[in-house]
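The lines below spell out each chain.
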Amino acid sequence: MQIVVFTLNGEICGVDASQVKEIVKFEGLAKMPKMPKFIEGIINLRGMVIPVVNLSKRFSLGELEVTKKTKIIIIEAGEKLIGFIVDDVTEILKLSSQNIEATPDIIQKSYNHYLEYVGKKGEKLISILNLANILTDAELDKLDNGEFESCENC
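Keep in mind that this is a model prediction, so the values were computed, not measured.

## Thoughts on the layout of surface pockets
Here is step 1 of the chain: By volume, the second largest pocket amounts to about 170 Å³.
Here is step 2 of the chain: As for the second largest pocket, its lining consists of Glu 11, Cys 13, Phe 59, Leu 61, Tyr 114, Leu 115, Ser 127 and Leu 129.
Here is step 3 of the chain: Looking at the lining of the second largest pocket, the elements with two or more residues in it are strand E2 (11-16) and strand E11 (124-129).

## What to know about the sheet that holds E2
Here is step 1 of the chain: Spatially, E8-E1-E2-E11-E10-E9 is the arrangement adopted by the six strands of the open sheet, whose pairing is mixed. In this open sheet, the two strands that pair with only one neighbour each are strand E8 (88-94) and strand E9 (100-102). For this sheet, the mean inter-axis angle between neighbouring strands, taken without regard to orientation, is 30°.
Here is step 2 of the chain: Where strand E1 (residues 2-8) meets E8, six bridges bridge the pair, whose relative direction is antiparallel. Note that in E8 the partner of Phe 6 across the bridge is Val 89.

## Description of the environment of Lys 57
Here is step 1 of the chain: As for its position among the elements, Lys 57 is in helix H1 (residues 55-58).
Here is step 2 of the chain: Accessibility expressed as a relative area gives 29% for Lys 57, which makes it partly exposed.
Here is step 3 of the chain: If sequence neighbours within four positions are ignored, Lys 57 has contacts with Lys 37, Phe 38, Glu 40, Gly 62 and Glu 63.

## Observations concerning the side chain of Asn 54
Here is step 1 of the chain: The topology assignment puts Asn 54 in strand E5 (residues 48-54).
Here is step 2 of the chain: The buried category is assigned to Asn 54, whose relative accessible area is 3%.
Here is step 3 of the chain: Reaching out from Asn 54, the side chain makes a polar contact with the side chain of Glu 40 at a distance of 3.0 Å.
Here is step 4 of the chain: If near-sequence neighbours (up to four positions away) are discounted, Asn 54 is found in contact with Phe 38, Glu 40, Leu 64 and Ile 85.

## Considering the nonpolar core
Here is step 1 of the chain: Within the largest apolar cluster, 24 residues are counted, with the highest numbers of intra-cluster contacts made by Phe 6, Val 53, Leu 55, Ile 73, Phe 84, Leu 129 and Leu 131.
Here is step 2 of the chain: If you list the elements that add at least two residues to this core, you get E1, E2, strand E6 (71-77) and strand E7 (80-86).
Here is step 3 of the chain: Setting aside residues no more than four positions away along its own chain, Ile 73 makes contact with Phe 6, Val 20, Glu 22, Ile 23, Ile 82, Gly 83, Phe 84, Val 86, Val 89 and Leu 131.
Here is step 4 of the chain: In terms of nonpolar packing, the next biggest core, distinct from the first, is built from ten residues, Phe 26, Ile 50, Ile 74 and Ile 85 among them.

## Some remarks on the side chain of Asp 87
Here is step 1 of the chain: Assignment of secondary structure puts Asp 87 in the loop between E7 and E8.
Here is step 2 of the chain: At 2.5 Å, the side chain of Asp 87 and the backbone nitrogen of Asn 9 are in polar contact.
Here is step 3 of the chain: Beyond its immediate chain neighbours, meaning those up to four positions away, Asp 87 contacts Thr 7, Leu 8, Asn 9, Gly 10, Leu 64, Lys 69, Thr 70 and Lys 71.

Cut-offs applied
Residues numbered from 1 in each chain as written. Predicted model: local features only at pLDDT ≥ 70, side-chain atom pairs only at ≥ 80, totals over all residues. Heavy atoms only, no water. 1 Å grid on protein atoms, 1.4 Å probe; cavity = no way out; pocket = protein on both sides within 12 Å on 5 of 7 lines; lining within 4 Å. Points joined across faces, edges and corners; volume = space filled by probe spheres on them. Helix = DSSP H or I, 4+ residues; strand = E, 2+ residues; numbered from the N terminus. Pairing = 2+ DSSP bridges. Axes fitted to C-alpha atoms, helices over the stretch in contact; angles between N-to-C directions. Buried < 20%, exposed > 50% of the residue type's maximum accessible area, 1.4 Å probe, protein only. Contact = heavy atoms within 4.5 Å. Polar contact = N/O pair within 3.5 Å; in protein donor to acceptor, adjacent residues only side chain to side chain. Core = buried A, V, L, I, M, F, W, Y, C linked by side-chain atoms within 4.5 Å.

Structure representation (structure tokens):
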């Protein structure tokens, strides 16, 4: 498996490279009213409006400090493009099947079904995420229809 390795508030994570459409430099975005706290805003990428998720907020890891290294990983979820803000994309890594394990059952819960695998590179463990599963189907539908009306609890 080839994975795109990124950092998120000091954590090492990865995503299957086949999910990634593009990686772009974070250059600001437009804020939208009545969006959940983890939807940072939208970007215009070559004429396409793409919602951008702040993974630090989504995972309750605290505030993300935007630096020159901050990137947006663009993926396709169904027919939608979605961006995910990460601290930095550090490498593209090829892992053999011996270095990839399914997420242990004790960690795999209904609320974190996006945790697919654990990759091993030397002594480092890499949480391999399925970014297409970060947002629920209901959240994706609401994003599509602009239905986030009351987001005090988002």
